[in-house]
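# Summary of the model geometry
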Amino acid sequence: MTTLPTTSNGHGDPALNGHGDGPHHDVYDVTIVGAGPTGLFSAFYAGLRGARVQIIDSLEEAGGALTAIYPEKYIYDVMGFPRVLAKDFVEQCLIQSQRGQPTVHLNEEVRELERLPDGTIRLGTTRAERFSRAVIICAGVGAFEPKRLEAPGIRDLEGHGVHYFAKRVEDFRDKHVVIVGGGDSAADWAVTLEPVARHVTLIHRSKFRAHESTIAELEASDVDLRYPGCEIVSVGAGESGHLSAVTYRDAEGTETTIPAEELIVAIGFVADLGPLKTWGFELQRNQIVVDGTTMATNIPGVYGAGDIVAYPAKFKLIATGAAEAVTAVNHAITHIDPKARLDAGHSTTIMEKREKAVR
Ligand SMILES: Cc1cc2nc3c(=O)[nH]c(=O)nc-3n(C[C@H](O)[C@H](O)[C@H](O)COP(=O)(O)OP(=O)(O)OC[C@H]3O[C@@H](n4cnc5c(N)ncnc54)[C@H](O)[C@@H]3O)c2cc1C
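Residues numbered from 1 in each chain as written. Predicted model: local features only at pLDDT ≥ 70, side-chain atom pairs only at ≥ 80, totals over all residues. Heavy atoms only, no water.

### Some words on the UniProt feature "binding site: FAD" (unreviewed entry) in the protein
Our working rule: UniProt positions are given in the numbering used here, feature names are shortened, and annotations may be inferred rather than shown by experiment. Partly exposed residues are those whose accessible area sits between 20% and 50% of the maximum for their type, while under 20% is buried and over 50% is exposed, using a 1.4 Å probe and protein chains only. Whether two residues are in contact is decided by their heavy atoms, any of which lying within 4.5 Å being enough. Helix and strand definitions follow DSSP, with helices as H or I runs of at least four residues and strands as E runs of at least two, each counted in order from the N terminus.
The sites that UniProt annotates as "binding site: FAD" (unreviewed entry) are Thr38, Asp57, Tyr70, Val110, Phe144, Asp307 and Thr348. Over a stretch of 311 residues, the named residues are scattered through the fold, their C-alpha atoms separated by up to 35.3 Å. Residue Thr38 is classed as buried on the basis of its relative accessible area, which comes to 10%. Residues contacting Thr38, with those up to four places away along its chain left out, are Cys138, Ala305, Gly306, Gly321 and Ala325. Among the secondary structure elements, Thr348 is positioned in helix α7 (residues 347–358).

Next up, the structure:
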């Protein structure tokens, strides 16, 4: 899978700008809140226009709803792809988003947004304070977070054998792996890890909801299936403080303890619009009201695009989000530099001009 590098971007050393007498901050041109398809396309387009960009998402992986809700579902209505799996589409969006080498902050939720007296926007996140001349909110239905499994002591084992995102297959080689869940992610990880791990057990409390072909693959594999009616009730750790066992209860109420060096919990995600409601936006049914011509919100310098925005005749689709991203970026660029062209032309024209300027 393509992942986003979390390095600084390629526009030279970050300029350090101050605000009055206060401390000096690294101020980006454009900050994008949300790395769903709209946020990724906004990052690409802002990079194309020469902006220094950072992108922030609460999830550990980019892709928004496509990654969190339907990675294995086919999409039929995005340009250029007659039929594409959501996770494969995200992969292409990620590659495209990297053109301008944006700085990427994953696993980081934006909690506060404030416009400072000099017009700079300050974003308070779960990890840092970030500053920007313009902001594009691409927050979809809110910050996604994995649903946590409720079992005594399990929180303490996050990062010590308990995973809500599994990244590298090699981390599971020759291990006793237990996976919880019945959707695409759980089934996908079970069939992927079965040839690599020492033993894979998949525990689920009802019927599998994964793609038919993945379920068929699962049933033909050596994955140890414990379902329906099975739920994890407790976890155990060894002397090193790493996960060593899980205990599950079956439909008859019998409790069984099995060895588990790694536990992947894939029971879905919850989205929380929470903090965004307090940032001073005009809201309409959990969406930010924007000007349909400019994608500007009621806060100067802050634009919106994708599922989060409301304007007359809004469609909640990936394709419309991409168009809104272009509009939002172009207006953000002229907000930052009123002398900049609103319509910079086609991508080839923009690229050629930039290449000439570098020569
Ligand atoms: C089951 C299902 C099937 C669908 N099928 C299709 C389809 O076939 N074709 C189609 O065009 N559309 C489809 N859609 C709709 C499509 O998924 C959305 O239109 C699209 O995901 C919107 O993209 P987005 O980037 O605006 O928001 P999202 O994909 O929701 O991404 C928003 C991102 O912002 C992050 N975020 C939010 N708040 C914060 C914060 N405060 N701090 C940090 N990060 C934050 C979230 O974690 C998330 O990653 C489907 C939707 C669903 C639910």
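Moving on from the model shown.
### Examining the sheet that holds strand β23 (residues 309–310)
Inclusion rule: Following DSSP output, two strands are said to pair if at least two bridges run between them.
Spatially, β20-β21-β23 is the arrangement adopted by the three strands of the open sheet, whose pairing is mixed. For this open sheet the edge positions go to β20 (283–284) and β23, each flanked by a neighbour on one side alone. Pairing analysis gives two bridges linking β20 to strand β21 (residues 287–289), with the strands arranged antiparallel. Bridged to Leu283 within β21 is Ile288.

### Quick notes on the domain arrangement of the protein
For clarity, the threshold we go by: Where a domain begins and ends is set by an automatic assignment or by a domain database. Accessible-area loss on putting two parts together, using a 1.4 Å probe and summing over both, is the definition of buried area adopted here. We count a salt bridge whenever a side-chain nitrogen from Lys or Arg sits within 4 Å of a carboxyl oxygen from Asp or Glu. Here a polar contact is taken to be a pair of N or O atoms separated by no more than 3.5 Å, where protein atoms must pair a possible hydrogen donor with a possible acceptor and residues adjacent in sequence count only if both atoms sit in side chains. The residue classification treats Ala, Val, Leu, Ile, Met, Phe, Trp, Tyr, Cys and Pro as nonpolar and Asp, Glu, Lys and Arg as charged. All others, Gly included, are polar.
Per the domain assignment, the segments of the protein are domain 1 (16–145 + 270–358) and domain 2 (148–267). Placing a centre on the C-alpha atoms of domain 1 and another on those of domain 2 gives a separation of 35 Å. Every contact between the two is made by eight residues of domain 1 and, on the other side, eight residues of domain 2. For the domain 1 and domain 2 pair, buried surface summed over both sides reaches about 710 Å², with 49% attributable to carbon and sulfur atoms. Its largest share of buried area at the contact with domain 2, domain 1 owes to Glu60, Glu61 and Glu72, together 66% of the area lost on that side. Joining domain 1 to domain 2, the criterion identifies two salt bridges. For Arg148, the salt bridge identified is with Glu145, shortest N-O distance 3.7 Å. Our count for the contact surface shared by domain 1 and domain 2 stands at one residue pair in polar contact (both at pLDDT 80 or more). Class assignment of the residues belonging to the side of domain 1 that touches domain 2 gives a composition of three nonpolar, no polar and five charged.

### Focus on the side chain of Thr214
Relative to the helices and strands, Thr214 is located in helix α5 (residues 212–220). Excluding its chain neighbours within four sequence positions, the residues that come into contact with Thr214 are Ala187, Asp188 and Val191.

### Let's talk about the pattern of salt bridges
Tallying each qualifying case throughout the model produces 17 salt bridges. Of the charged contacts in the structure, one is a salt bridge between Glu112 and Arg122, with a shortest N-O distance of 2.9 Å. Within this pair, whereas Glu112 is found in strand β7 (residues 110–115), its partner Arg122 is found in strand β8 (residues 121–125), the two being separated by 10 residues in sequence. Given a relative accessible area of 13%, Arg122 falls into the buried group. Among the ionic pairs, Glu255 bridges to Arg249, the shortest N-O distance being 3.3 Å. Taken together, the shared-partner salt bridges connect Glu112, Glu114, Arg122 and Glu129 into one network.

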